[in-house]
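A look at the structure
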Amino acid sequence: YEIGVRLVGSEMCIRDRNWIVQIGSYSNKENAEKENLRAKNAGFRSFINPITQNNKIMYQVCLGPEYDELDANKLREEIKKKIKLEAEPIVKKYP
């Protein structure tokens, strides 16, 4: 029984500590792929997170994940210095 409690606690802890920086959201997958590649070429760990919003698929370009919000905020400031972005990057929990 204790092992089950520990496992549940560990899973919750891991899930609670995942933070990402969203640097863009696109309705066109090709545009998201271009932005994702631009972030990778600048040295960032990035990925595309497809979501459904108002019955449409949107492609979020995200950096991370980071283990805590402080690290994600540092990452947000770092990307702003290295790449000119169309919008302000958003720090949020993931998934």
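Up top is the structure.
So, here's what we can say about the structure. Treat the numbers as computed from the prediction; the structure is a model and nothing was measured. Residue positions are given per chain, counting from 1 as you read along its sequence in written order. In keeping with the model being predicted, local features are shown solely for residues with a pLDDT of at least 70 and side-chain atom pairs are shown and tallied solely at 80 or more, while totals for entire chains, interfaces and linings include all residues. As a convention, hydrogens and water are excluded, and side-chain values are obtained from all of the structure's heavy atoms.

Considerations on the pairing of strand 2 (residues 46-53)
- Relative to strand 3 (residues 56-66), strand 2 is paired through 8 bridges, and the arrangement is antiparallel. Within the sheet, the bridge partner assigned to Phe-47 lies in strand 3 and is Cys-62.
- A pair of strands counts as paired when DSSP detects no fewer than two bridges linking them. For helices the rule is a DSSP run of H or I covering at least 4 residues; for strands it is a run of E covering at least 2, with both sets numbered from the N terminus onward. The hairpin formed by strand 2 and strand 3 contains 2 residues between the paired strands, and Asn-54 there has a positive phi angle of roughly 50°.

Observations concerning the pattern of salt bridges
- We define a salt bridge as a side-chain nitrogen of Lys or Arg found within 4 Å of a carboxyl oxygen belonging to Asp or Glu. With the rule as written, the count across this model stands at 6 salt bridges.
- In this structure, Arg-38 engages Glu-35 in a salt bridge whose closest nitrogen and oxygen atoms are separated by 2.9 Å. Of the two residues, Arg-38 and Glu-35 are both situated in helix 2 (residues 29-41); the distance of 3 residues between them amounts to about one turn of the helix.
- You can call Glu-35 buried: its relative accessible area is 9%.
- For Lys-80, the salt bridge is made with Glu-88, and the minimal N-O distance between the two is 2.9 Å. Buried, partly exposed and exposed residues are distinguished by accessible area as a fraction of the type maximum, computed with a 1.4 Å probe on protein chains only: under 20%, between the cut-offs, and over 50%, respectively.

Brief notes about the nonpolar core
- Nonpolar core, defined: a set of buried Ala, Val, Leu, Ile, Met, Phe, Trp, Tyr and Cys residues in which side-chain atoms within 4.5 Å join the residues together. Judged by nonpolar contacts, the single largest core of 16 residues is most densely connected at Val-21, Ile-23, Phe-44, Leu-63 and Ile-79.
- Elements with a contribution of two residues or more to this core: strand 1 (19-26), helix 2, strand 3 and helix 3 (69-82).
- Per-element accounting of this core gives the leading share, 4 residues, to strand 1.

Description of the side chain of Glu-66
- Mapped onto the elements, Glu-66 comes out in strand 3.
- Among the residues examined, Glu-66 registers a relative accessible area of 15% and is labelled buried.
- Within the structure, Glu-66 has its side chain in polar contact with the side chain of Arg-45 (distance 2.7 Å). Each polar contact in these results corresponds to two N or O atoms within 3.5 Å; when the atoms are within protein, one needs to be able to donate a hydrogen and the other to accept it, and residues that are neighboring in sequence are counted only if both atoms are side-chain atoms.

What to know about helix 2
- With 13 residues, helix 2 should cover 18 Å at 1.5 Å per step; its first-to-last C-alpha distance of 18 Å lies within 8% of that length.
- The complete set of buried residues in helix 2 reads Ala-32, Glu-35, Asn-36 and Ala-39. Down the axis of helix 2, the smallest arc covering the buried residues is 100°, so these residues share one side. Turned more than 90 degrees away from the buried face of helix 2, the exposed residues are Glu-30, Lys-34 and Asn-41.
- Put simply, Asn-28 is the residue that caps the front of helix 2, since its side-chain oxygen is 2.8 Å from the backbone nitrogen of Glu-30.
- One or two positions beyond helix 2, positive phi appears at Gly-43, with a value near 95°. An expected span of 1.5 Å times one less than the residue number is assigned to each helix. Working note: the arc is built from the helix axis to C-beta atom directions.

What about the environment of Leu-70?
- Here Leu-70 lies in helix 3.
- Sequence separation of Leu-70 and Val-91 is 21 residues, and the distance between their C-alpha atoms is 9.7 Å.

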